[in-house]
Amino acid sequence: MPSGRSIAAFAVKFLVIYGALAASGPLCGPAYALFCRESGNFMFDAVDARNYVHIRAAVPPDAMKDTTLCFHVSPGQTRQVTVSSWVMGFQPISLLIGLVLATPVSARRRLWGLFLGLAMLHAFVLARLATFTILGPVVVSDTSWMNAVRASVIDFIAGYAVSCFVPVLIWVAVTIRREDVRRFVGPTVKKVAA
Amino acid sequence: MARQKKRRSRRASLVPAWARSHFPAERGARTLVPRAWRDWIAAKKPVWRFTVLLFAGLAVFYAGYAFFSASRYMGGFLRLIASISAAALSALGYEAQADGALVTAPAFAFQVVRGCDGLEPVGFLLAAALATPAAVRTRCLFALVGGVFLLALNLVRLVSLALVDAYFPQITEAIHWNAWPGVTIVVVVLLWVYWVRRVRLTGHAFG
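Residues numbered from 1 in each chain as written. Chains lettered and ligands numbered in written order. Predicted model: local features only at pLDDT ≥ 70, side-chain atom pairs only at ≥ 80, totals over all residues.

Chemist: Hey, could you run me through the overall build of chain A in this one?
Modeler: Of the regular secondary structure elements, chain A holds seven helices and three strands. For chain A, buried positions account for 28% of its 194 residues. Taking as baseline every contact in chain A between residues at least 6 positions apart, the subset at least 24 positions apart corresponds to 59%. (Helix = DSSP H or I, 4+ residues; strand = E, 2+ residues; numbered from the N terminus. Buried ≥ 20, exposed ≤ 12 C-beta atoms within 10 Å, placed from the backbone. Contact = placed C-beta atoms within 7 Å.)

So this is what it looks like as structure tokens:
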């Protein structure tokens, strides 16, 4: 069973790596926002012939919400949702990298975990964008039941806390194995049928 | 018996020879999945089950959270958090007052909104407790104690953010959006780790 020391080392390593990545935000953030917009437009142009969604930089520029999703609902009618590329992508990526690299397993497994995890995380980011595309922006004035459900789903998918918890889920899924759990918690009690 | 043999041989013949030579199966040549992959999947299966349960628990929590947020109780809960935060800040000597969900003091002012309530980490902890194969009683106890601990941590977060805003306003956003989420995740993971190392787990999920 690993000692409390190695668990503390994991926590410290994670905080250092995540802190370094988060601190690089002002430097990498704009570049990542540009990457999000360009790759998002490329994806939507490829799958949507009607050009329903277009992603552009927020106007006026906002430090937090830097990306605007434009929905061309009908000719001449556009709805907009402004989101944060940091919350949508950069922060979950930083958290995942921190968690995977801090995990006390072999370097090979960490690299595989990072590769798989980043692939899954980007699929999640795309799913978030697709959710916006399918459900459209929330109309605040609409008090119907369907709009409430739609708002809840959008809130769940695009919410800030989900950006924090999805990397943890992905980290568990890609990095941890059965033997790690056994090593970690010791032998488990088998359920015996009566 | 003969029919079974025939059926088996028919199934085996569905696998092309090149695949059989590339992927030697454990029992005959009836599968295209290499042994290393199967071992990897077997090693991952209990963890994935845990992850799926965790995700399902989170989905249920968020559905409940959405309804709670839309109800009139959410406002009351936010006002309660604001009152406790103001009391804590006043105890530290900052003359803070709560007006609804708004906390004001000569040096700072902040509003407790949905998302600042600390319920989402609690929901994650609840989902983790539900996904862990332990006795129901210990799970409930862990969820209760852990939930209270995380709500207390959220109060510490609010008070610390108010103080950072008073003394170092230039880094408030960084602490709010970057530092506290990382700390919260570490605390949730460590709480779960602390509990899981002390509890007798049943074998049906991690065995």
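Still more to cover.
Chemist: Honestly, the sheet that holds strand S1 (residues 97-99) of chain B in this entry has me stumped. Any pointers?
Modeler: Strand pairing within a sheet occurs via backbone hydrogen bonds; the two strands may be parallel or antiparallel. All names here are of chain B. Pairing is antiparallel in the open sheet, where three strands are placed in the order S1-S2-S3. Across the chains shown, the open sheet's two edge strands, defined by having one partner strand only, are S1 and strand S3 (109-111). Taken over all neighbouring pairs, the strand axes of this sheet differ in orientation by 20 degrees on average, direction set aside. Direction of pairing for S1 relative to strand S2 (residues 102-104): antiparallel, over a ladder of three bridges. Considered in S2, the bridge of Gln 97 is made with Thr 104. (Pairing = 2+ DSSP bridges. Axes fitted to C-alpha atoms, helices over the stretch in contact; angles between N-to-C directions.)

Chemist: Explain the nonpolar core here, please?
Modeler: Proteins that are soluble and globular tend to have nonpolar side chains buried together. Leu 96, Leu 99, Phe 165 and Ile 170 of chain A together with Leu 125 and Ala 127 of chain B are the most contacted members of the largest nonpolar core, which has 59 residues in total. Among the elements that take part in this core, helix H6 (residues 160-175) of chain A stands out by supplying eleven residues, more than any other. With near-sequence residues (within four places) excluded, Ile 170 of chain A lies in contact with Leu 96, Gly 117, Met 120 and Leu 121 of chain A. Among the nonpolar cores identified, the runner-up in size contains 16 residues, and Ile 81, Ala 86, Ala 98 and Phe 110 of chain B belong to it. (Core = buried A, V, L, I, M, F, W, Y, C linked by C-beta atoms within 7 Å.)

Chemist: Would you mind going over the packing of helix H2 (residues 25-47) of chain A against helix H3 (residues 85-102) of chain A with me for this structure?
Modeler: Angle between the axes and distance between the axes are the two parameters that describe a pair of packed helices. Residues and elements named next belong to chain A. Direction vectors running N to C along H2 and H3 enclose 110 degrees, while the axes themselves pass 10 Å from each other. Looking at the two axes, H2 sits roughly perpendicular to H3. In terms of crossing hand, the pair formed by H2 and H3 is right-handed. Contacts between H2 and H3 involve Gly 25, Gly 29, Tyr 32, Ala 33 and Cys 36 from the former and Ser 85, Trp 86, Met 88, Gly 89 and Phe 90 from the latter. Tallied by class, residues from the contact of H2 with H3 come to six nonpolar, four polar and no charged. (Parallel < 35°, antiparallel > 145°, perpendicular 65-115°, else oblique. Left-handed = near helix turned anticlockwise from the far one by under 90°. Nonpolar A, V, L, I, M, F, W, Y, C, P; charged D, E, K, R; others polar.)

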